[in-house]
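# Analysis of the macromolecular model
For reference, the chains in residue letters:
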Amino acid sequence: MDAKKTETISLKLFSDISLLPLATSFVENGSKVFGLSSKDSLSLALATEEIFAYLCRVTHVPFNLEILAQKGGYYVKVDFLLPIEDFNMRIFNIASSISLEDEQGLEELGLFIASRKVDRFQLSELSPGGIILSLIKEKSYPETDNLRIPEPEEAESYSIKRPSPEELKLFVVITDSNYPKLLIPKSFRYPGKVVDMFLSGHYDAALAYGETGSIVGGIVWQWSGPKTVEFFGPYVFSKSFSKDISRDLLDSCISSIAKSPVVALINRLPTDELPKEQFELLGALDIVKDDNSIVSLPTYFRQMQEDTGSYVWIDPAIEKFLRSEYGRLVLPREIRIVRDLGEEKERYSVLSTDFDRSLNMVILRPIRSGKDSMDNIRNHINLFQRESIRSVFFEMDLAHPWQVSFTEGLLKSNFSPKLILPYAGDSDILVFQWGNRGS
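First, a word on scope: everything that follows refers to the structure included in this document. Computed from a prediction, not measured in an experiment: that's the story for all the values here.

With respect to the helices and strands, Arg116 occurs in helix 3 (residues 103–116). A C-alpha to C-alpha distance of 8.1 Å links Arg116 and Phe92, two positions 24 residues apart in sequence. Not counting the four nearest positions on each side in its chain, Arg116 is found in contact with Ile91, Phe92, Asn93, Ile94 and Ser96. Within the local environment of Arg116, its side chain forms a polar contact with the backbone oxygen of Asn93, the two atoms lying 3.1 Å apart. Of the polar contacts made by the side chain of Arg116, one reaches the backbone oxygen of Ile94; its length is 3.5 Å.

For the coordinates displayed, the defined rule picks out 15 aromatic pairs. Considering the side-chain rings of Tyr179 and Phe237, the 6.4 Å spacing of their centres and the 65° angle between planes classify their relative orientation as edge-to-face. With a gap of 58 residues between them, Tyr179 in the loop between helix 4 (165–178) and helix 5 (191–199) and Phe237 in the loop between strand 9 (228–236) and helix 6 (242–257) connect regions that are remote in the sequence. Taken together through their ring pairs, the aromatic side chains of Phe171, Tyr179, Phe188, Tyr235 and Phe237 make up a single cluster. In this structure, Lys161 is placed above the aromatic ring of Tyr209, and the distance from its NZ or CZ to the ring centre is 5.0 Å. Directly above the aromatic system of Phe355 lies the positively charged group of Arg357, at a separation of 4.0 Å from the ring centroid.

Once that is clear, we can look at helix 4. Taking 1.5 Å per residue as the helical rise, helix 4 with its 14 residues ought to reach 20 Å, and the 20 Å between its terminal C-alpha atoms agrees with that figure. Among the residues making up helix 4, those that are buried are Leu168, Phe171, Val172, Val173, Ile174, Thr175 and Asp176. On its buried face, helix 4 is in contact with helix 5, strand 7 (204–210), strand 8 (215–223) and strand 9.

With the exception of glycine, the majority of residues adopt a negative phi angle, and the majority of peptide bonds are in the trans configuration. Cis rather than trans, the peptide bond between Gly233 and Pro234 has omega equal to 0°. Position of Pro234 among the secondary structure elements: in strand 9. Positioned with a positive phi, Asn360 is a non-glycine residue whose angle comes to about 50°. Along the polypeptide, Asn360 turns up in the loop between strand 15 (350–356) and strand 16 (361–368). A relative accessible area of 14% means that Asn360 is categorised as buried.

The subject of this paragraph is the packing of helix 1 (residues 20–33) against helix 2 (residues 38–58). Running from N to C, helix 1 and helix 2 point in directions that differ by 155°, and their axes come no closer than 8 Å. In this view, helix 1 runs roughly antiparallel relative to helix 2, as classed from their interaxial angle. Note on packing geometry: the crossing formed by helix 1 with helix 2 is right-handed. Contact residues: helix 1 offers Leu20, Ala23, Thr24, Val27, Glu28, Ser31 and Lys32, while helix 2 offers Ser38, Ser41, Leu42, Leu44, Ala45, Thr48, Glu49, Phe52 and Ala53. Residue classes in the contact of helix 1 with helix 2 are distributed as 8 nonpolar, 5 polar and 3 charged.

What follows covers the environment of Leu421. Of note, Leu421 is situated in strand 18 (residues 415–421). According to the relative accessible area criterion, Leu421 is buried, its value standing at 1%. Considered as a pair, Leu421 and Pro163 are 258 residues apart in the sequence and their alpha carbons are 29 Å apart. Not counting residues up to four positions away in its chain, the partners in contact with Leu421 are Ile266, Arg268, Leu282, Thr299, Asp428, Ile429 and Val431.

Now for the sheet that holds strand 10 (residues 264–267). Here 7 strands make up an open sheet; going across it, the order is 6-7-8-9-10-12-11 and the pairing mixed. Only two strands of the sheet have a single partner each, and these edge strands are strand 6 (158–161) and strand 11 (280–288). If you compare each strand with its neighbour and ignore which way they point, the axes differ by 20° on average. Alignment of strand 10 against strand 12 (residues 294–303), held across 4 bridges, turns out to be antiparallel. Note that in strand 12 the partner of Leu265 across the bridge is Arg302. Packed on one face of the sheet, helix 6 meets strand 6, strand 7, strand 8, strand 9, strand 10 and strand 12 and runs near 30° to strand 8.

Now for the environment of Leu81. If you trace the backbone, Leu81 turns up in strand 3 (residues 75–82). Residue Leu81 is classed as buried on the basis of its relative accessible area, which comes to 16%. Remark: the alpha-carbon pair of Leu81 and Gly130, spanning 49 residues in sequence, is separated by 7.6 Å. Here Leu81 is in contact with Leu65, Glu66, Leu68, Leu126, Ile131 and Ile132, once residues within four sequence places are set aside.

This part is about the sheet that holds strand 1 (residues 7–14). The strand order across the open sheet formed by 5 strands is 1-2-3-5-4, and the pairing between neighbours is antiparallel. In the strand order of this sheet, the two ends are held by strand 1 and strand 4 (120–125), each with one partner. Between one strand and the next, the sheet's axes are offset by a mean angle of 20°, whatever the strand orientation. Strand direction decides the pairing type here: strand 3 and strand 5 (residues 131–138), joined by 8 bridges, are antiparallel. Its bridge partner being in strand 5, Leu81 is matched across the sheet by Ile132.

Conventions and cut-offs
Residues numbered from 1 in each chain as written. Predicted model: local features only at pLDDT ≥ 70, side-chain atom pairs only at ≥ 80, totals over all residues. Heavy atoms only, no water. Helix = DSSP H or I, 4+ residues; strand = E, 2+ residues; numbered from the N terminus. Contact = heavy atoms within 4.5 Å. Polar contact = N/O pair within 3.5 Å; in protein donor to acceptor, adjacent residues only side chain to side chain. Phe/Tyr/Trp six-rings, centres within 6.5 Å; stacked < 30°, edge-to-face > 60°. Lys NZ or Arg CZ within 6 Å of the ring centre and 35° of its normal. Expected span 1.5 Å × (residues − 1). Buried < 20%, exposed > 50% of the residue type's maximum accessible area, 1.4 Å probe, protein only. Axes fitted to C-alpha atoms, helices over the stretch in contact; angles between N-to-C directions. Parallel < 35°, antiparallel > 145°, perpendicular 65-115°, else oblique. Left-handed = near helix turned anticlockwise from the far one by under 90°. Nonpolar A, V, L, I, M, F, W, Y, C, P; charged D, E, K, R; others polar. Pairing = 2+ DSSP bridges.

What follows is the structure, encoded as structure tokens:
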């Protein structure tokens, strides 16, 4: 099972502006201790300052809150545990804008600054009542550019084992220079980040070594949900035993997770060396290249143990697609329909964005639903078109009815459902793609 290593410190205080220096110094100094640079720690502290000041301004009666700072290996996460039911996060949308000529715009300016100081954010429920706002800032790492890249060697024999950090770093550099970016996770552009993810338990890996100790292949994997493991590779640099190395690398990954509760093993970046006969095809996504040509990128799935079933929430507009896919893949699911029966909704929706600029690609994920969901989706699409982002995806976790409420806006904004990732979130993840390339 996933064994991420985390360290956490906490500060309890109340929403009084006089305590602002205490909150910011706690986050800045804690972030430095957890490995962020002075510059990145200051960015996280400035985001904390703006959010804390906003909370103090908009609440008439001070309330108790807690700030947690957590070390995540390659990032620091700051959680605001707030005993309030609502928090206007409209400005956290990357497609949002503010006007400095009205009171609301001036009020939201601080949140606008805060949202641009961090790499990503999350919103979750706090039991028994309240919300958790999470700000995440990643460490800064150098890319692989200008690094000396060793030539892959042919091997007469090989062995498979878990790598040391330096060996993993070297493997990443070799992979980055021998495979197209389309088949490599974005993290591989930063070898130091991959090592930190490995040491903190976010990644695990196995490498193939030739008889002289040279690296001739490798595979990396991570938990994508409580029951799903996603792997990258196999990447093989020796042609002599390409099929054998690929098979043994995959077997090493499977052996490592065999005694865990994993149900699904998935690969979204399949290399030519992947033994595809051992997998089922979940579907394919279209990646639009700079010259407007389209590359179809398949996603593969292997069931590791019996799927005892679960339930999913869906919009009736995509019921036919989902029932067909669940039947084809023989995945037992109880279908629960989400319908708008006039209940009250939040005013504003919020989406997170995960960019891969080198591929002109972005993944949207819902943070909060709202009455403006359709307009919010279209505002994001307009922004992506202005920035020449050609490949746009939306990932929806079918465990949450509020996420399903985005379906109508997606379909009316030229998105279509493409594939299901079993148990890749709290339940299955449904991936939509934007554009007229079929369903």
